[in-house]
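Secondary and tertiary structure notes
Here are the chains, one letter per residue:
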Amino acid sequence: MNMQAQNRQTAAETALLDSYNAQIGELPGNGAVISARDRLVDDLKTNGLPTRRVEAWHYTDLKTLLRSIPASGPASSVRNPAPLVDAAALIKTRQGEADGNVSVDGIVVGSYADMLREGTAAPGLSVIDKDDTIGKINGSFVRDGYVLEFPAGAEIGQPIEIQALHGAGQAHTRFPVSFGAGSKATVIERHIQTTDGQAFVSSVSDISLEDGAEVTWIVVQEQGADDTHLAQVRVRVGNNAKLRLFVINAGGKLVRQELRIDVAGEGADLQLRGVNLLGGDTHTDVTLVLGHNVPNTTSTEIFRNVVFDRARGVFQGMIKVALDAQKTDARMACNTLLMSDDAEFAAKPELEIFADDVQCGHGATVADIDDNHLYYLMARGIPHNKARAMLVNAFVAEIVEELEDEALVEALEAIISNWLEKHA
Amino acid sequence: MAAVQETIDQVRQIDVDQYKYGFETVIEVDKAPKGLSEEIIRFISAKKDEPEWMLEWRLDAYRRWLTMEEPTWARVDYPKIDFNDLYYYAAPKNTPGPKSLDEVDPELLKVYEKLGIPLKEQEILAGVDKPRVAVDAVFDSVSVVTTFKKELAKAGVIFMSISEAVREHPDLVKKYLGSVVPTSDNYYATLNSAVFTDGSFVFVPKGVRCPMELSTYFRINEKNTGQFERTLIIAEEGAYVSYLEGCTAPQRDENQLHAAVVELVALDDAEIKYSTVQNWYPGDAQGKGGIYNFVTKRGDCRGHRSKISWTQVETGSAITWKYPSCILRGDDSRGEFYSIAVSNGHQQIDSGTKMIHLGKNTSSRIISKGIAAGVSQNTYRGQVSAHRKATNARNFTQCDSLLIGDRCGAHTVPYIEAKNSSAQFEHEATTSKISEDQLFYCLQRGIPEEAAIALIVNGFVKEVIQELPMEFAVEAQKLIGISLEGSVG
């Protein structure tokens, strides 16, 4: 009886496949890329979008939640948001296509559309696993993006900001980025809506850190209130490389943010921080799959979630420690504040451990604001609303401050307080 | 300290695959033919002299079962079970309702003696310092003898086999059977509903505190016999009962399927404490044989201020698939789950709990200690959820895993679902190996490595051991030591 339900296409599934057929003529790609795309679309057609029966999508039943797919159309706005920090070098895509010619001192910037046309992008279009729906959708529809190469030993002081801008319609981008051995850099990846209207966005950042690279990568998602945002950050961390990954979700109607991290080099270290600000009638899912695959690696992950209104939040965090990944030290925490009676949050922090000489742990809490803290502030003459806002702010700001870079911290705090002003 | 010393001794005595309770008793057995069909179910029902409604209930479950698929989500791996290659009914032949212990097959009594079950009333009564324990002994599928019945009856407590209860208290059975674990609940529960052969029935009436601990010892004896126990415990308003379930089984070559269902119902202000020590045959050193243990245990805190507490020590079975759960329906009700799961050799354990908060001001506590050694896989899988109306729901969860050796795996899969803002959930999990410092400390004082590990592990699980009734706590500590035998080196 379930078989029937599986094969029945929803309106959104039909729209997705129709949209592919409508676009196929104009999507860049040589023969290898086209056949890779066709395979992905066939997979989507045969298996449909995942339901809650698919464990990896248990709390985000995409088949039910994804209701409609807007038609793909050209950019309708030329709004240019200022970079997050003044000094940053800007690299932009608009409606899924590269915007202008870009060059940044010290790094090599290439066009992803060229990679598709030449066919060098074809191997990268394969999915990570059978539940990699984001990989399937993005691989089918991706039009453009940037290929960034940080040469070995390069120390880029200036932050690089990738802005993925779009209005109503569709945008599918991909950013393969490699950090050469010993390079140092800060990259900000922003997803911003520039005009109103429903957008269907998919994005894959494919990042590799060679030996000894030190990278700060910041993802800021500020999609529109009607947008669907399906994003994936794939990372491979090499020997003695250090990655600081920071993710803020502060927008979108239906958001799935996947972080797929392969800690693949000895001595590698990952510091992952996330802030999820959820309000309105939205659904946001952050799914982390973190593999410690070699001995002597470390990681810490901290997520802070604030859920207002009728929003639903999901955190799935899996730490996998491979058989010979001895001396792994991995710790994860997920703390959530539920700010309204209709707010919901589901957390699934998982440990999958096959090595014995490890230190692994996770903690998860879900609660309302502590009445004692509220009372403390109110007793000092601070009105109820303001006191609540202060406490929420403190709850998330705490981990933003870890970034150290003052300009960056200020800019991120501004995003948080703007959001809170609108929603709290 | 005496118990610890005993553990050490036992660890020394026993080789890896010399299962302590691995002996076979040769008794004539009355068996149904192999396989599963409506005829077999009619046969079981007729053998047990059941009323028509019970047969219909079974057949209904069987028809549902035919449409269901075996669950595959658990982290366990085993060859496909041929459900038509099993016996679904086996009863010891010479026991057509024994009137006293004298009528019981002496071979049977010897088995119990070897297991150390205090079956004979006089023996229990003679033990001046021993707490009183009533035993409903299950030998394969039929309750052989029930002790202490009279004394319990005086208190108004009904404690008998479920087949007797079907005949003697049909109204109670009808009212509660399947009300916590419905026949359609899951694959194995549905199978159990169709073919369950026996189990215990406990009814503690309003305001009664059960005067003694109730206990059932399970035995799986006959080759290829699926054991399908069904236990139903009801505590009426303000009642209290503590129930112990302990298991041992003889050594076998072929895998044996066990799919039990336990249902608990607690009405207003009632409390049920359910403790399990499970040490069925885990298979040999090569992972051959061993029991498949697919159990559905669920408690329903139906009344306000009711409480259900599960405590389990899982050391046996080749495969364990078990999630004793609490439905916290009544306001201010409370659920507890304390678990020790030890896996060694090729054992696979996927166990945990569900705490479903439905009423207001409900609270729950989960303490789970997993110990993996050898090439075993040990998974904690648990769910805590607060319904929209379950205001002020509270949960605290702690699951710690200990790894002994580098070929085993420990996994934690919690599902935490909050649907209202007043819910307060805390979850923490850790995984690590035995501390080198602690081990060094013991070795330095002349304690051999294996004994030191047993000692450290017993410290690791202390929080759970403390929740066990006294007589079980000692046995559990011994078992943990035995289970970890051979895990070093």
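Residues numbered from 1 in each chain as written. Chains lettered and ligands numbered in written order. Predicted model: local features only at pLDDT ≥ 70, side-chain atom pairs only at ≥ 80, totals over all residues.

As for the packing of helix 10 (residues 436-444) of chain B against helix 11 (residues 449-460) of chain B
Residue and element names in this part refer to chain B. This is how the line gets drawn: Helix axes are fitted only over the stretch in contact, all axes being lines through C-alpha atoms; the angle between N-to-C directions runs from 0 to 180 degrees. What counts as a helix is a DSSP run of H or I of at least four residues, what counts as a strand is a run of E of at least two, and both are numbered from the N terminus. Our angle categories are set so that under 35 degrees counts as roughly parallel, over 145 as roughly antiparallel, 65 to 115 as roughly perpendicular, and the remainder as oblique. The crossing is said to be left-handed when, going from far helix to near helix, the turn is anticlockwise and less than a right angle, and right-handed when the turn is clockwise. Placing a C-beta atom from the backbone of each residue, one calls two residues in contact when those atoms lie within 7 Å. In this classification, Asp, Glu, Lys and Arg are treated as charged, Ala, Val, Leu, Ile, Met, Phe, Trp, Tyr, Cys and Pro as nonpolar, and every other residue, Gly included, as polar.
One way to put it is that helix 10 packs onto helix 11 with a least axis distance of 9 Å and a crossing angle of 130°. Taken together, the axis directions place helix 10 and helix 11 in an arrangement best described as oblique. Once helix 10 is placed against helix 11, the crossing between them reads as right-handed. Between helix 10 and helix 11, the contacting residues are Q438, L439, C442 and L443 on the first element and E449, A452, L455 and I456 on the second. Per-class residue counts for the contact of helix 10 with helix 11 are six nonpolar, one polar and one charged.

Notes on the UniProt feature "domain: SUF system FeS cluster assembly SufBD core" (unreviewed entry) in chain A
Stated formally: UniProt positions are given in the numbering used here, feature names are shortened, and annotations may be inferred rather than shown by experiment.
UniProt's feature table lists "domain: SUF system FeS cluster assembly SufBD core" (unreviewed entry) at residues 170-395 of chain A, given in the numbering used throughout. Across residues 170-395 of chain A, the secondary structure splits into 9% helix and 61% strand, with the terminal C-alpha atoms separated by 34 Å.

Here's the deal with the domain arrangement of chain A
Residues and elements named next belong to chain A. Rule in force here: Note that the domain bounds were set by an automatic or database domain assignment.
Along its sequence, chain A is organised into domain 1 (2-265) and domain 2 (370-424). Its C-alpha centre places domain 1 at a distance of 31 Å from the equivalent point of domain 2. Split into classes, the residues belonging to the side of domain 1 that touches domain 2 amount to six nonpolar, no polar and no charged.

Section: helix 3 (residues 52-67) of chain B
Residues and elements named next belong to chain B. Our working rule: One less than the residue count of a helix, multiplied by 1.5 Å, gives the span that helix is expected to have. For every residue, the other C-beta atoms within 10 Å of its own C-beta are counted; 20 or more classify it as buried, 12 or fewer as exposed, and values in between as partly exposed. C-beta atoms are placed from the backbone. Directions from the helix axis toward the C-beta atoms define the arc.
In this model, helix 3 (16 residues) spans 23 Å end to end at C-alpha, consistent with the 22 Å of a helix rising 1.5 Å per residue. Within helix 3, the full set of buried residues consists of W57, R58, A61, Y62 and W65. Buried positions in helix 3, seen along its axis, are confined to an arc of 135° and lie on one side of it. Exposed residues on helix 3 whose side chains face more than 90 degrees from its buried face are E52, W53, E56, L66 and T67. Summarising the contacts, the buried residues of helix 3 are in contact with helix 2 (38-47) and helix 9 (187-195).

Structural notes on the packing of helix 3 of chain B against helix 9 of chain B
Residue and element names in this part refer to chain B. Interhelical geometry of helix 3 versus helix 9 gives an angle of 145° and a closest axis separation of 7 Å. Crossing geometry of helix 3 relative to helix 9 is assigned as left-handed. Contact with helix 3, carried on its side by R58, A61, Y62, R64 and W65, involves T190, L191, S193 and A194 of helix 9 and no other residues of that element. Tallied by class, residues from the contact of helix 3 with helix 9 come to five nonpolar, two polar and two charged.

Topic: the interface of chain A and chain B
Interface extent is often summarised as the accessible area lost during association of the parts. Which entries qualify depends on this criterion: When DSSP finds two or more bridges between two strands, those strands count as paired.
Across the contact, 31 residues belong to chain A and 30 residues belong to chain B. Those elements that place two or more of their residues in the side of chain A that touches chain B are strand 18 (344-353) and strand 19 (359-367) of chain A. If one sorts the elements of the side of chain A that touches chain B by residue count, strand 18 of chain A sits on top with 10 residues. Its residues placed into classes, the side of chain A that touches chain B shows 16 nonpolar, six polar and nine charged. Where strand 19 of chain A meets strand 24 (residues 424-433) of chain B, eight bridges bridge the pair, whose relative direction is antiparallel. Within the sheet, the bridge partner assigned to G361 of chain A lies in strand 24 of chain B and is T430 of chain B.

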